[in-house]
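# Structural features, examined
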Amino acid sequence: MNFRTFCRDEPEINLIPFIDVLLVVLIFLMLTTTYSKFTQLQLTLPVADAEQQRDRPREVIVSVAANGRYAVNQTGVDGRSLEAIVQALRSATPAGRDSVLIISADAMASHQSVVTVMEAARRLGLAQITFATQSSASARASGR
């Protein structure tokens, strides 16, 4: 006969070594990880200092007013349609496809007005397009 009573001990999970190992791994990862800063889009916008206007026969200047009216070489265009701009550009480009189109748009002109001029230039095959700017000094003088 066995008069002894067996006392079963409940198994116990000791978390202290587990936490120690996790802290060592965390410290290791913090020390070995390199944090790289993702480069953002860095833009350096150009400053344009306008030179004096010279007589350039290959240049065609299209002005776009804030209210959406157009002028080709300082001559007003009747209407605001794409076809009216195409006709005005066709008569104002003596050099044909070799002409340089300068778009001089008001700062408050709608984006669609400028895109319409670019579409008219595409229809005529004018590939050399540039935009007129004003110098920073004259912009401050005019209050813009």
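All values reported here derive from a predicted model rather than from experimental measurement.

Okay, the confidence of the model for the protein chain next. Here the protein chain averages 78 in pLDDT, while 72% of its residues score no lower than 70. No element of the protein chain has a lower mean pLDDT than helix 4 (residues 136-142), at 53, and none a higher one than helix 1 (residues 16-32), at 92.

Next up on the list: the side chain of T93. With respect to the helices, strands and loops of the structure, T93 is situated in the loop between helix 2 (82-92) and strand 4 (100-105). Judged by its relative accessible area of 13%, T93 falls in the buried class. Within polar-contact distance, the side chain of T93 engages the backbone oxygen of L89 at 3.0 Å. At 3.4 Å, the side chain of T93 forms a polar contact with the backbone oxygen of R90. If we skip the residues at most four places from it in the chain, T93 touches V60, S99 and L126.

If you look at the biggest cluster of nonpolar residues, it comprises 21 residues, and the most contacted ones within it are V72, L89, L101 and V117. Here this core gets six residues from one element, more than from any other, and that element is helix 2. Among residues more than four places away in sequence, those in contact with V117 are V62, V64, Y70, L101 and I103.

What counts and how
- Residues numbered from 1 in each chain as written.
- Predicted model: local features only at pLDDT ≥ 70, side-chain atom pairs only at ≥ 80, totals over all residues.
- Heavy atoms only, no water.
- pLDDT = per-residue confidence, 0-100.
- Helix = DSSP H or I, 4+ residues; strand = E, 2+ residues; numbered from the N terminus.
- Buried < 20%, exposed > 50% of the residue type's maximum accessible area, 1.4 Å probe, protein only.
- Polar contact = N/O pair within 3.5 Å; in protein donor to acceptor, adjacent residues only side chain to side chain.
- Contact = heavy atoms within 4.5 Å.
- Core = buried A, V, L, I, M, F, W, Y, C linked by side-chain atoms within 4.5 Å.

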